[in-house]
Amino acid sequence: MFHVVVYLLRDGGWAGPVSWRKPIEFGISGGITTLSLATVMSRLPRTGWLAWPCAVAISLFVPETLLIDLQTWRGVPSHFNFDTGFDAAVFSAMGTLVAFVSLAIIVMTIWSFTSLRGPGSSALAIRAGMVFLTIGQLLGFAILGNGFAVDDVFRSSIVGAAGELKVPHAVALHGLQVLGFLALILERSPLPESRRWQIVVVAIAGYADALGVTVIQAFGGRGPVDLTPLTLLGAVAAIVLLFLAYASALRAAGLGALRWSVPAN
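What counts as what
- Residues numbered from 1 in each chain as written.
- Predicted model: local features only at pLDDT ≥ 70, side-chain atom pairs only at ≥ 80, totals over all residues.
- Heavy atoms only, no water.
- Helix = DSSP H or I, 4+ residues; strand = E, 2+ residues; numbered from the N terminus.
- Buried < 20%, exposed > 50% of the residue type's maximum accessible area, 1.4 Å probe, protein only.
- Contact = heavy atoms within 4.5 Å.
- Areas by Shrake-Rupley, 256 points an atom, 1.4 Å probe, with all protein chains shown as cover.
- Lys, Arg positive; Asp, Glu negative; His and termini not counted.
- Charge placed at Lys NZ, Arg CZ, Asp CG, Glu CD.
- Salt bridge = Lys/Arg side-chain N within 4 Å of Asp/Glu carboxyl O.
- Core = buried A, V, L, I, M, F, W, Y, C linked by side-chain atoms within 4.5 Å.
- Phe/Tyr/Trp six-rings, centres within 6.5 Å; stacked < 30°, edge-to-face > 60°.

Q: How should the overall build of the chain be read in this particular structure?
A: In terms of regular secondary structure, the chain is built from 10 helices and two strands. Going from N to C terminus, the chain has its helices and strands arranged as α-α-α-α-α-α-β-β-α-α-α-α. Overall, the C-alpha framework of the chain stretches about 60 × 50 × 35 Å when taken along its three principal axes. Burial status across the chain gives 47% buried among its 265 residues. By sequence separation, contacts in the chain at least 24 residues apart represent 73% of the contacts at least 6 residues apart. Total accessible area on the chain is roughly 13,100 Å²; 72% of this is exposed by carbon and sulfur atoms. Distance between charge centroids for the chain: 14 Å, based on 16 positive and 13 negative side chains.

Q: I keep staring at the pattern of salt bridges and nothing clicks. Help me out?
A: When charged atoms on two side chains of opposite charge get close, those side chains can pair. Within this structure, the stated rule accounts for five salt bridges. Here Arg43 ties to Glu187 by a salt bridge, and the two come within 2.7 Å at their closest N and O atoms. A residue pair is termed long-range when its members are at least 10 positions apart, and Arg43 in the loop between helix H2 (21-41) and helix H3 (48-58) and Glu187 in helix H8 (residues 175-187) qualify at 144 residues. The partner of Arg74 in a salt bridge is Asp87, and the shortest N-O contact between them spans 2.8 Å. Highlighted residues: Arg74 in helix H4 (residues 61-74) and Asp87 in helix H5 (residues 85-115), separated in sequence by 13 residues.

Q: Explain the nonpolar core to me, please; I cannot follow it from the model alone.
A: One broad rule of soluble globular proteins: the nonpolar side chains tend to lie buried together. Counting residues in each nonpolar core, the largest one holds 28 residues, and the members touching the most others are Leu37, Val40, Met108, Met130, Leu133 and Leu176. Put simply, the parts of the chain that give this core at least two residues each are H2, H3, H4, H5 and helix H6 (120-150). Top element by residues in this core is H5. It accounts for eight residues. With near-sequence residues (within four places) excluded, Met130 lies in contact with Leu37, Val40, Ile105, Met108, Thr109, Ser112 and Leu176. Membership of the second largest hydrophobic core comes to 23 residues, among which are Ala125, Ala183, Ile185 and Tyr207.

Q: Where do I start with the packing of aromatic side chains in this structure?
A: When we look at a pair of aromatic rings, we describe it by the centre distance and by the angle of the planes. On inspection of all chains with the given rule, the structure shows five aromatic pairs. Relative to Phe91, the ring of Phe80 lies with its centre 5.1 Å away and its plane at 50 degrees, an arrangement referred to as tilted. Taken together, the residues span a long stretch of sequence, with Phe80 in the loop between H4 and H5 and Phe91 in helix H5 at a distance of 11 residues. We note that Phe80, like Phe91, is buried. With centroids separated by 5.6 Å and ring planes inclined at 80 degrees, the aromatic side chains of Phe82 and Phe91 adopt a geometry described as edge-to-face.

The structure is reproduced here in structure tokens:
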């Protein structure tokens, strides 16, 4: 949120490779992801030899964002900037930090399939969210690869005429929050476990549908809202499925479930 305050005070614009948009996006997204992964880790065994390396690696979101801050303060692009040796070193350091973060996420994803504690429906939601998060890392590296291919900072995430790789990247990154929050609501509901499973499966199907639509749009070279009849149908189906899942969970748990508390089970 610090970046938002700086943006409001400096009013440096929102578009382009040198604006406070990027620190804001990376700061908020990385912060939310880090808190979500900490919550997931609380449901994993306290295995120091594995948990600590994962925690330290995930915390590298912070220095990565600080490097983006540094370049923004200097008034130069943070990504795909090789104008000077220093700029190239900063971009290389950012890539190294992201690689460690991604490795930790992959390890935690595998770990969640073997040792996750909690109700089965919650475990299903968290595991699916971790898989989406892993896909998000792969899409992030696809953006890097595309940036090197086009050799243009302005089109680093653009495929074809208008395909925006940042959209499926962002959608995949935050599946853990969408599905994890649903799981927390269901844990506060009186629904039987079989019914919770059904709701989680519906939500996973909806989110997978949403991610699929954004992937098709991006790699097809079409803008995020330049939908074909097929992708429009998919987008509507995704919204309906996610709405039904959350509506069913909130109806059963009540709005009081939105208040933060530790679930009894």
